[in-house]
Each structure stands twice: as C-alpha cells, then as structure tokens.
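Now for the letters of each chain:
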Amino acid sequence: MRGDTGMKIGILTFHGADNFGCVLQCMALQNAIEAHILTAKVEIINYVMPNLVEKKLLLSKTQFQDVKKRLGKRVARKRVLENLRTLPGRAGRIRKFKKFRKAQLHIAGPTFLNADGMAELDYDVFIVGSDQVFNLALIRGKEDIFFLEKAPEGAKKISYAASTGHSSFGEPEQEKLRKYLTNFDMVSIREKSAQAAIQEMANKKVSVCLDPTMLHSAEYWRTLEKKPKRIAKQQYVFMYGLGYPFCKEQENEACKLARMIAEQSGMIVIHHYFGDYRKRFDENAEHCYFQGPHEFLWLVDHAEYVVNCSYHGTVFSVIFEKPFYTYSTGGNSARMRDLVSTLGIEERYLERPVSQEEINWDIDWEKIRTNWERERTNSLNYLKAAIEG
C-alpha cells in the first residue's frame with residue numbers, strides 16, 4: 001500500500017494489438033478495478049509484442065518477392081495495386097485504434113520490448129490478463145514477461161481470466177506451465193475446461209472468471225458506441241470473423257450461414273473481411289474492416305443477427321442480446337465453447353453446417369441474464385479478494 005495514494009496496479013495484456021477484443025477487454029478490466037476498488041491507481045503496462053509495434057502499411061520488397069515466388073508475377077502486381085488502393089482505409093483503421101488507446105487506456109510510460117523493463121516497474125500488484133496471455137504458442141519466447149519472471153520481489157502477482165486458448169496440454173507445455181505458474185499468488189483463467197489441468201500444474205486453487213468485457217452491462221458499452229460513416233440503412237446480419245488460415249473451412253460455413261439468414265429475412269450482410277475474403281459475399285454486402293472499436297460496438301448492437309467465429313463476437317452478441325451463432329475455430333475453440341456452456345446456450349455453438357430450416361431466432365435471455373449475473377458476481381469477488389486480500 002502507498003498511504004494516501006492507495007494501491008498501484010499494473011495490467012499486462014495484449015493492449016497494443018489492433019484487434020477489437022484486445023483493446024476492449026483491456027479497458028474493461030482497467031475500469032472494473034477502478035469502479036470496485038476506489039483507492040486503486042490502475043495503469044496498463046506498456047509492453048507490446050515486437051511484431052505489433054511497427055505496423056507496415058505498404059508491401060515490402062521482400063513480401064513482394066515472396067508473393068511473386070509463390071503465386072506468380074501477375075498476382076504479386078495485383079497485390080501491390082490492392083495494397084495501394086486500400087492504403088487510406090488501413091491507415092484510418094490504425095488511427096482509430098491509436099485514438100482509442102490514447103483516450104481510454106491509462107498506458108504507463110514508453111513502450112518496452114524485453115523482460116529487463118519489467119524489473120524497473122513499481123507496482124503493488126501485477127495483473128496478467130485477460131486475453132490469450134497464457135497461450136504459449138502466441139507468447140513463444142516472451143514467457144518470462146507474461147509470467148512475470150522479472151517482476152519486482154514483494155509485489156503481488158495475480159492473473160485475471162488469462163486464456164490458454166485450449167484445454168489440453170502436451171508434455172512440453174505442461175513443463176513450462178508448472179515452472180511459470182509458481183510465480184503467481186493467485187490464478188484465474190477463462191476456460192473452465194482447462195481448470196483441472198491448470199490447477200494440477202499450478203499446484204494451487206485456480207478460479208474461472210468471466211472475460212472483463214462481461215463485468216459491464218450493455219448500457220455501459222452503449223456509451224462508447226459510434227455509428228460508422230456511410231453505413232447501409234437496411235437491416236443487416238453482422239458476420240464477424242478474423243480470417244485466420246487455420247479455421248478457413250469453419251469461416252466459410254459461417255459466411256454461408258450469414259448469407260442464408262440475410263436472404264431468408266430480406267437483409268444484407270455487413271462483414272469484417274478484407275481482401276480476397278470479401279469474395280465470399282455478393283456486391284450487396286458491405287465490409288467494415290476499416291472501422292475502430294467504437295464502431296464495432298455499434299455494429300454488433302444494431303445488427304438483427306450475428307454470425308461469428310470469434311470469442312469477443314460471441315461475448316458482445318450476449319451482452320447486447322442478439323440472436324447469434326458462433327462457429328468453432330478448431331483447436332482453439334475452448335473459450336467459445338466454454339462460454340456458451342457456462343451461460344446454458346450450447347446450441348448457439350456450431351461445429352457443422354446448418355440448414356435453413358434449423359435457423360433459430362429464439363434465445364432464453366432470462367436464463368442467460370441469471371447465469372451471467374452469477375458468474376459476474378463470482379468474478380468480481382475473485383478480483384477484489386486477489387487484489388485486496
């Protein structure tokens with residue numbers, strides 16, 4: 001404790017990624033702590049993964065040569081032209097994320113790129129999470145940072161809703177997690193299906209907590225919405241996927257379902273795809289790839305239906321009480337599958353194609369609100385006990 005100044009808390013997460021879920025969950029945790037622990041001074045530790053620091057807008061010579069080698073000179077030239085044509089939109093997207101971080105996140109000091117910077121930080125409490133900060137494949141080579149290996153002695157070290165991304169672990173992963181989890185005084189994760197395994201490796205009690213975005217109400221999130229410019233006035237199905245190669249087949253099925261629902265109901269599709277992925281939709285569809293976090297919230301909240309292959313797409317569909325389906329993304333689907341199970345709506349999670357006759361608009365929102373409030377209370381209780389206890 002710091003006398004009259006209260007407790008100083010540092011949050012370590014993926015705040016530097018231009019990804020809606022990353023920045024929104026970071027802000028949500030920051031603001032939840034400030035709302036429930038009034039004496040706390042909360043900051044975002046300004047560590048950014050090296051691959052996220054420099055955002056290259058133009059295709060480099062090396063990238064051009066790589067595309068040329070793999071796909072031919074004609075395709076490479078086409079990529080360059082597309083790269084130039086979309087430059088204003090992509091630059092605008094980066095500006096929107098930068099503006100959001102500046103306005104909404106209490107980011108501490110300059111960016112640092114290695115674990116040595118961690119040793120100089122002066123916090124009473126270090127919180128790692130939320131997001132996939134315990135996913136060893138994502139943080140490979142940076143485990144010493146995200147598992148607080150060089151955080152100052154004497155500071156409290158906790159995790160909040162840290163995600164592993166999956167729920168089964170090979171022997172190399174188990175060995176690393178056994179080593180690193182001993183650094184933490186208290187541990188909470190996001191995936192219930194991983195709880196038993198993490199608890200055994202940590203050799204301590206492990207709690208399961210909601211993503212920080214779900215610690216806040218729809219009314220809270222609506223204060224942050226911003227209507228996109230030049231958006232269609234028609235009713236729409238919002239298709240939200242991130243275009244990852246490892247779940248291309250699942251995203252194809254999700255896009256088919258979004259088109260089917262739109263055609264069935266006389267609506268259009270607004271989607272988040274860029275480049276070749278936009279070919280999955282006809283000319284009446286609109287894309288929103290160049291939008292920022294404020295606009296993303298508006299797009300989910302004003303959709304008639306949401307189809308997604310995304311954890312935070314699922315979260316905000318629930319928050320705004322939108323009829324939705326979430327498609328599996330393969331091996332890292334535990335977070336979506338566990339969330340719908342916790343809320344009692346397993347039927348909204350899909351691993352197979354859906355026919356037109358199977359499309360369902362009816363969701364028991366009363367049941368969801370009850371389950372959500374129970375988990376929210378448990379999550380806030382963990383957070384306060386971990387910080388203040």
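A brief look at the structure comes next.

The rules we used
Residues numbered from 1 in each chain as written. Predicted model: local features only at pLDDT ≥ 70, side-chain atom pairs only at ≥ 80, totals over all residues. Heavy atoms only, no water. Salt bridge = Lys/Arg side-chain N within 4 Å of Asp/Glu carboxyl O. Helix = DSSP H or I, 4+ residues; strand = E, 2+ residues; numbered from the N terminus. Patch = residues over 30% accessible without salt bridge, like charges linked within 9 Å, V, L, I, M, F, W, Y side chains within 5 Å. Areas by Shrake-Rupley, 256 points an atom, 1.4 Å probe, with all protein chains shown as cover. Lys, Arg positive; Asp, Glu negative; His and termini not counted. Charge placed at Lys NZ, Arg CZ, Asp CG, Glu CD. Buried < 20%, exposed > 50% of the residue type's maximum accessible area, 1.4 Å probe, protein only. Arc of directions from axis to C-beta. Polar contact = N/O pair within 3.5 Å; in protein donor to acceptor, adjacent residues only side chain to side chain. Contact = heavy atoms within 4.5 Å. Pairing = 2+ DSSP bridges. Axes fitted to C-alpha atoms, helices over the stretch in contact; angles between N-to-C directions. Phe/Tyr/Trp six-rings, centres within 6.5 Å; stacked < 30°, edge-to-face > 60°. Lys NZ or Arg CZ within 6 Å of the ring centre and 35° of its normal.

## A word on the pattern of salt bridges
No. 1: Summed over the entire model, instances satisfying the criterion amount to 17 salt bridges.
No. 2: Between Glu 82 and Arg 85 there is a salt bridge whose closest N-O contact spans 3.0 Å. Of this pair, Glu 82 and Arg 85 both sit in helix H4 (residues 73-85), three residues apart, which is roughly one turn of that helix.
No. 3: The salt bridge involving Arg 222 is made with Asp 301; its shortest N-O contact spans 2.8 Å. One end of the pair, Arg 222, is in helix H9 (residues 218-222); the other, Asp 301, is in helix H11 (residues 293-301), and 79 residues separate them in sequence.

## Focus on a positive patch on the surface
No. 1: Positive charge collects at one region of the surface, where Lys 99, Lys 226, Lys 229 and Arg 230 lie side by side.
No. 2: When you line up the elements, Lys 99 lands in helix H5 (residues 87-104).

## A word on helix H8 (residues 195-202)
Counting along an α-helix, one turn takes 3.6 residues, and residues three or four places apart therefore face a common direction.
No. 1: Buried residues of H8: Gln 195, Ile 198, Met 201 and Ala 202, and no others. Within H8, the buried residues cover an arc of 135° as seen down the axis, which keeps them to one side.

## Digging into the side chain of Ser 310
No. 1: One can find Ser 310 in the loop between strand E11 (305-308) and helix H12 (311-319).
No. 2: From its side chain, Ser 310 meets the backbone nitrogen of His 312 in a polar contact 3.3 Å long.
No. 3: With residues near it in sequence (within four places) discarded, Ser 310 still touches Tyr 240, Thr 326 and Met 336.

## Let's talk about the environment of Ala 40
No. 1: In this structure, Ala 40 sits in the loop between helix H1 (20-36) and strand E2 (41-47).
No. 2: In this structure Ala 40 comes out as buried when scored by relative accessible area, which is 13%.
No. 3: Sequence separation of Ala 40 and Lys 8 is 32 residues, and the distance between their C-alpha atoms is 5.9 Å.
No. 4: Here Ala 40 is in contact with Met 7, Ile 9 and Ile 33, once residues within four sequence places are set aside.

## A word on the sheet that holds E2
No. 1: Taken in spatial order, the five strands of this open sheet run E3-E2-E1-E4-E5, and their pairing is parallel. The outermost strands of the open sheet, each flanked by one partner alone, are strand E3 (107-112) and strand E5 (156-159). Within the sheet, the average angular offset between the axes of one strand and its neighbour, ignoring direction, is 25°.
No. 2: Judged from the four bridges that link them, strand E4 (residues 125-128) and E5 form a sheet pairing that is parallel. Looking across to E5, one finds that Phe 126 is bridged to Lys 157.

## Observations concerning the sheet that holds strand E12 (residues 324-327)
No. 1: Here six strands make up an open sheet; going across it, the order is E10-E9-E8-E11-E12-E13 and the pairing parallel. With one partner strand each, in any of the chains shown, strand E10 (286-287) and strand E13 (349-350) form the two edges of the open sheet.

## Some points on the pairing of strand E8 (residues 236-240)
No. 1: With five of five residues buried, E8 is to be regarded as a mostly interior element.
No. 2: Direction of pairing for E8 relative to strand E9 (residues 268-271): parallel, over a ladder of four bridges. Among the inter-strand pairings, Val 237 is bridged to a residue of E9, identified as Val 269.
No. 3: Summarising the sheet, E8 and E11 pair through four bridges and their orientation is parallel. Pairing of Phe 238 across the sheet is with Val 306, part of E11.

## As for the pairing of E11
No. 1: Burial of E11 is two-sided: the residues Tyr 305 and Val 307 facing one way and the residues Val 306 and Asn 308 facing the other way are all buried.
No. 2: In the sheet, E11 pairs with E12 via three bridges, with the strands oriented parallel. The partner of Asn 308 across the bridge, within E12, is Thr 326.

## A few points about the packing of aromatic side chains
No. 1: In this structure the tally under the stated criterion is 24 aromatic pairs.
No. 2: An angle of 15° between the planes, with centres 5.0 Å apart, marks the rings of Phe 147 and Tyr 180 as stacked. Here the residue Phe 147 occupies a position in the loop between helix H6 (143-146) and E5, and Tyr 180 occupies one in helix H7 (residues 171-180), the gap between them amounting to 33 residues. For the residue pair Phe 147 and Tyr 180, the accessibility class agrees, reading buried in each case.
No. 3: For the ring pair Phe 274 and Phe 290, a centre distance of 5.8 Å and an interplane angle of 65° mean the geometry is edge-to-face. With Phe 274 in the loop between E9 and E10 and Phe 290 in the loop between E10 and H11, this pair connects stretches of sequence that are 16 residues apart.
No. 4: Since its relative accessible area comes to 23%, Phe 274 is described here as partly exposed.
No. 5: Here a set of aromatic residues connected by ring pairs shows up, and it is made of Phe 20, Phe 97, Tyr 220, Trp 221, Phe 238, Tyr 240, Phe 296, Phe 316 and Phe 320.
No. 6: The ring of Tyr 123 is capped by Lys 8, whose NZ or CZ atom sits 5.2 Å from the centre of that ring.
No. 7: A cation over an aromatic ring shows up here: Arg 280 above the ring of Tyr 273, its NZ or CZ 5.0 Å from the ring centre.

Limitation: the analysis is restricted to geometry and does not speak to function.
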